[in-house]
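# Summary of the model geometry
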Amino acid sequence: MEQFGRIKLSEQQLNELKTPCYIVNESKLEENLKLLKYVQDNTGAKILLAFKGFAMWSMAKLVRKYLPGTSASSVSEAMLGRNEFGGELHCYAPAYSQADMDAHVKLANHIVFNSLGQWNRFKEQLKQHPHIQTAIRVNPEHSETDTAIYDPSGPNSRLGTTLDNFKAGLDDLEGITGLHFHNLCELNADALERTLAVVEEKFGFYFDKLEWINFGGGHHITRPDYDVERLIRIINNFKHKYKLKVYLEPGEAIALNTGVLVSSVLDVFNNGMNLAILDTSATAHMPDVLEMPYRPFIENGDEPTVKAHTYRLGGVTCLAGDVIGDYSFEAPLGIGDKLVFGDMAHYTMVKNTTFNGVRLPNIYKFNSDMGQLTLVKEFGYLDYKSRLS
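Because the structure is a prediction, the values reported are computed rather than measured. (Residues numbered from 1 in each chain as written. Predicted model: local features only at pLDDT ≥ 70, side-chain atom pairs only at ≥ 80, totals over all residues. Heavy atoms only, no water.)

### Digging into the overall build of the chain
A count of helices and strands for the chain gives 13 helices and 16 strands. For 389 residues, the compact-globule estimate of 2.2 N^0.38 gives 21 Å, and the chain sits close to it at 22 Å. Referenced to the eigenvectors of the C-alpha coordinate spread, the extents of the chain come out at roughly 70 × 50 × 40 Å. Where the 39 positive side-chain charges of the chain centre and where its 48 negative ones centre are 5 Å apart. (Helix = DSSP H or I, 4+ residues; strand = E, 2+ residues; numbered from the N terminus. Rg over C-alpha atoms; globule rule 2.2 N^0.38 Å. Lys, Arg positive; Asp, Glu negative; His and termini not counted. Charge placed at Lys NZ, Arg CZ, Asp CG, Glu CD.)

Here is the structure:
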């Protein structure tokens, strides 16, 4: 369990938990932030918290100690960045409405446009805000991930401006000071190195007209096997060659292996195999289990049949496919038993839903240095009702 969140609760703390709940270990979060600061200190690059992966604003004070700002993809995220986190605020979205842009120009330090059409639509407005730096997101048309839903550079992608479109719009780029690219997902520094070579080859002819570049997200910097020193070399070599400011905006790396989701068993029965219904849900509380898809780690659980008792773990919603997976345990599961799912701080709270009116998991923070567990947020009926009309 150490690798997946380092949440070591006492028997009393475990018994007092109101499940389902997320628990984020602020001590482990700080370890991740210190590593990111190490990268910043040794490169001069700036690393931003991308809200799409982790937006737990009760941790803002801790994040501000180590990171210079945040990255938002909506007005709500931008408001959270400005009001709770402070520092630099970078905004990017596949498209902006006029209402979006009217809000962003009051909040942002940097605004990235997905297409030249969007830039041309709003560039006159941006001229009235010369303190805001602007960029074009480019699509290197170079894939590094095998999961199509997470590949921004796949064929016919809606994300980013291809080289052909970029060259066709060169006369429209006055006022643009940066470029942004993003095509990684949970990858190591070697993937960035390959991608960066393609970006240099295709778009390097324009670098001398720029001030900064954003390497996007998907850098798994805080993963135990990530080659941090290679990342540092890549950034430093690039900065030496082009004299550009460099930004990275990982979402997952901020909160990787910092939290868990704790669930209670509600029912156990056999419909041809042993089934256990939990008070959590894959589709509502950890949607990447179905979208990615992936199999979450469970403390004291194993692959089917490895241990004596195998169960299919199902969620509490009425979706037939709300199944977390098949796991085996040393002892039979009983009603009230608690299961602890690892690495559940990122892409969970930011993506969960109230489908079926299922209550959102409570949010706790845990300080492993002091052994202190604190309830940060408890959800109820009004959280469900407020999303409806």
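Having seen the model, we can carry on.
### Considering the pairing of strand E2 (residues 46-50)
The buried fraction of E2 is high, at four of five residues. Bridge count for E2 against strand E9 (residues 245-248) is two bridges, and the pairing is parallel. Counterpart to Lys 46 in the pairing with E9 is Tyr 247. Looking at chain direction, E2 and strand E3 (residues 69-72) are connected through three bridges and run parallel. Looking across to E3, one finds that Leu 48 is bridged to Gly 69. (Buried < 20%, exposed > 50% of the residue type's maximum accessible area, 1.4 Å probe, protein only. Pairing = 2+ DSSP bridges.)

### Focus on the pattern of salt bridges
According to the stated counting rule, one finds 16 salt bridges in the structure shown. Ionic pairing is found between Arg 295 and Glu 303, a salt bridge with its closest N-O pair at 3.3 Å. The class for Glu 303 is partly exposed, based on a relative accessible area of 41%. Counted as one network, the salt bridges with shared partners bring together Glu 144, Asp 190 and Arg 194. (Salt bridge = Lys/Arg side-chain N within 4 Å of Asp/Glu carboxyl O.)

### A short note on the sheet that holds strand E7 (residues 176-180)
The pairing of strands in a sheet comes from backbone hydrogen bonds and takes either a parallel or an antiparallel form. Pairing within the closed barrel is parallel, and its eight strands lie in the order E2-E3-E4-E5-E6-E7-E8-E9. Averaged over all pairs of adjacent strands, the angle between their axes in this sheet comes to 25°, without regard to strand direction. Sitting on the sheet, helix H4 (residues 75-85) is in contact with E2, E3 and strand E4 (88-93), with an inclination near 165° to E3. (Axes fitted to C-alpha atoms, helices over the stretch in contact; angles between N-to-C directions. Contact = heavy atoms within 4.5 Å.)

### Some remarks on the side chain of Ser 263
Its location among the elements puts Ser 263 in strand E10 (residues 259-270). Reaching out from Ser 263, the side chain makes a polar contact with the side chain of Asp 279 at a distance of 2.7 Å. Non-local contacts of Ser 263, meaning those with residues more than four positions away in its chain, are made with Thr 19, Leu 278, Asp 279, Thr 280, Asp 337, Lys 338, Leu 339 and Phe 341. (Polar contact = N/O pair within 3.5 Å; in protein donor to acceptor, adjacent residues only side chain to side chain.)

### Details of the packing of aromatic side chains
Summed over all chains, the structure comprises 15 aromatic pairs. Taking the centre distance of 6.5 Å and the plane angle of 25° together, the rings of Phe 113 and Phe 122 count as stacked. Comparing Phe 113 with Phe 122 shows no difference in burial state: the two are buried. Ring centres of Phe 207 and Tyr 242 lie 4.8 Å apart, and the angle between their planes is 90°; this geometry places the pair in the edge-to-face category. In this pair, Phe 207 is assigned in the loop between helix H8 (189-203) and strand E8 (212-214) and Tyr 242 in helix H9 (residues 228-242), connecting sequence segments 35 residues apart. (Phe/Tyr/Trp six-rings, centres within 6.5 Å; stacked < 30°, edge-to-face > 60°.)

### Section: H9
Here H9 contains 15 residues, and its C-alpha end-to-end distance of 21 Å stays within 8% of the 21 Å for a straight helix at 1.5 Å per residue. Taken together, the buried positions of H9 are Val 228, Leu 231, Ile 232, Ile 234, Ile 235, Phe 238 and Tyr 242. Take H9 and look down its axis: the buried residues cluster within an arc of 160°, on one side only. Exposed and oriented more than 90 degrees from the buried face of H9 are Asn 237, His 240 and Lys 241. Lining the buried residues of H9 we find helix H2 (26-43), H8, E8 and E9. A positive backbone phi angle near 60° is found at Lys 243, which sits one or two residues after H9. (Expected span 1.5 Å × (residues − 1). Arc of directions from axis to C-beta.)

### Here's the deal with the side chain of Ser 71
Along the polypeptide, Ser 71 turns up in strand E3. For Ser 71, a relative accessible area of 6% translates into the label buried. Side chain to side chain, Ser 71 and Glu 249 meet in a polar contact 3.0 Å long. The residues contacting Ser 71, other than those within four sequence positions of it, are Leu 48, Leu 49, Ala 50, Phe 51, Glu 77, His 90 and Glu 249.

### Points about unusual backbone geometry
Backbone torsion omega between Thr 19 and Pro 20 reads -5°, so that peptide bond is classified as cis. For the bond from Met 292 to Pro 293, the omega torsion is -20°, close enough to zero to count as cis. Notably, Glu 186 is not glycine yet its phi reads approximately 55°, a positive angle. With respect to the secondary-structure elements, Glu 186 resides in the loop between E7 and H8. Phi at Lys 243 takes a positive value of approximately 60°, unusual for a residue other than glycine.

### What to know about helix H6 (residues 116-126)
Those residues of H6 that sit buried are Leu 116, Gln 118, Trp 119, Phe 122, Lys 123, Gln 125 and Leu 126. Along the long axis of H6, the arc covered by the buried residues comes to 155°, so they all point the same way. Tucked into the core, H6 has its buried residues touching helix H5 (98-104), strand E5 (110-113), strand E6 (133-137), helix H7 (163-168) and E7.

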